[in-house]
Amino acid sequence: MKLFIKGRRTGYAPEQCGNTMTVREIIEYLEQYHDDVEVFLSNDNCYTYGNVTENSFEEDF
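Owing to the predicted nature of the structure, the values given are computational and were not obtained by experimental measurement.

### Here we look at the layout of surface pockets
By rolling a water-sized probe across the atoms, one finds the places where empty space is left.
Link 1 in the chain: A volume near 1,400 Å³ is recorded for the largest pocket.
Link 2 in the chain: Around the largest pocket sit 27 residues that line it, and I5, K6, T20, I26 and L41 are the ones nearest its centre.
Link 3 in the chain: With five residues, helix α1 (residues 23-30) is the largest single contributor of residues to the lining of the largest pocket.
Link 4 in the chain: Among the residues forming the lining of the largest pocket, the class breakdown is 15 nonpolar, eight polar and four charged.

Structure follows, in structure tokens:
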């Protein structure tokens, strides 16, 4: 099994994107899947895909 997160373009700045999930909500959602399920990003209506690694995360304060 593979789990895909659909990439969506909803704004040009985070403030334009509306509501988004919190870290806690993402953790709770992912708990329904087995620990070895791979997670991918799905872009361009499933035309391209990307992997998720520790380098995929970036903080902004």
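Don't stop here, the text continues.
### Overview of the pattern of salt bridges
Link 1 in the chain: Taken as a whole and judged by the stated rule, the model has two salt bridges.
Link 2 in the chain: Residue E38 is joined to K2 by a salt bridge in which the shortest nitrogen-to-oxygen separation is 3.9 Å. Residue E38 is found in strand β2 (residues 38-43), and its partner K2 is found in strand β1 (residues 2-6); the two are separated by 36 residues along the sequence.
Link 3 in the chain: Under the relative-accessibility criterion, E38 is labelled partly exposed at 41%.
Link 4 in the chain: Here R9 makes a salt bridge to D44, at a shortest N to O gap of 3.0 Å. Here D44 lies in the loop between β2 and β3 (48-51) and R9 lies in the loop between β1 and α1, a separation of 35 residues in the sequence.

### Some details on the sheet that holds β3
Link 1 in the chain: Pairing is mixed across the open sheet formed by three strands, whose spatial order is β1-β2-β3. The outermost strands of the open sheet, each flanked by one partner alone, are β1 and β3. Between one strand axis and the next, the sheet turns by 35 degrees as a mean value, whatever way the strands run.
Link 2 in the chain: As defined by bridge partners, β2 adjoins β3 across four bridges and the pair is classed as antiparallel. Paired with L41 across the strands is G50, a residue of β3.

Here is what the cut-offs are and how they apply
- Residues numbered from 1 in each chain as written.
- Predicted model: local features only at pLDDT ≥ 70, side-chain atom pairs only at ≥ 80, totals over all residues.
- Heavy atoms only, no water.
- 1 Å grid on protein atoms, 1.4 Å probe; cavity = no way out; pocket = protein on both sides within 12 Å on 5 of 7 lines; lining within 4 Å.
- Points joined across faces, edges and corners; volume = space filled by probe spheres on them.
- Helix = DSSP H or I, 4+ residues; strand = E, 2+ residues; numbered from the N terminus.
- Nonpolar A, V, L, I, M, F, W, Y, C, P; charged D, E, K, R; others polar.
- Salt bridge = Lys/Arg side-chain N within 4 Å of Asp/Glu carboxyl O.
- Buried < 20%, exposed > 50% of the residue type's maximum accessible area, 1.4 Å probe, protein only.
- Pairing = 2+ DSSP bridges.
- Axes fitted to C-alpha atoms, helices over the stretch in contact; angles between N-to-C directions.

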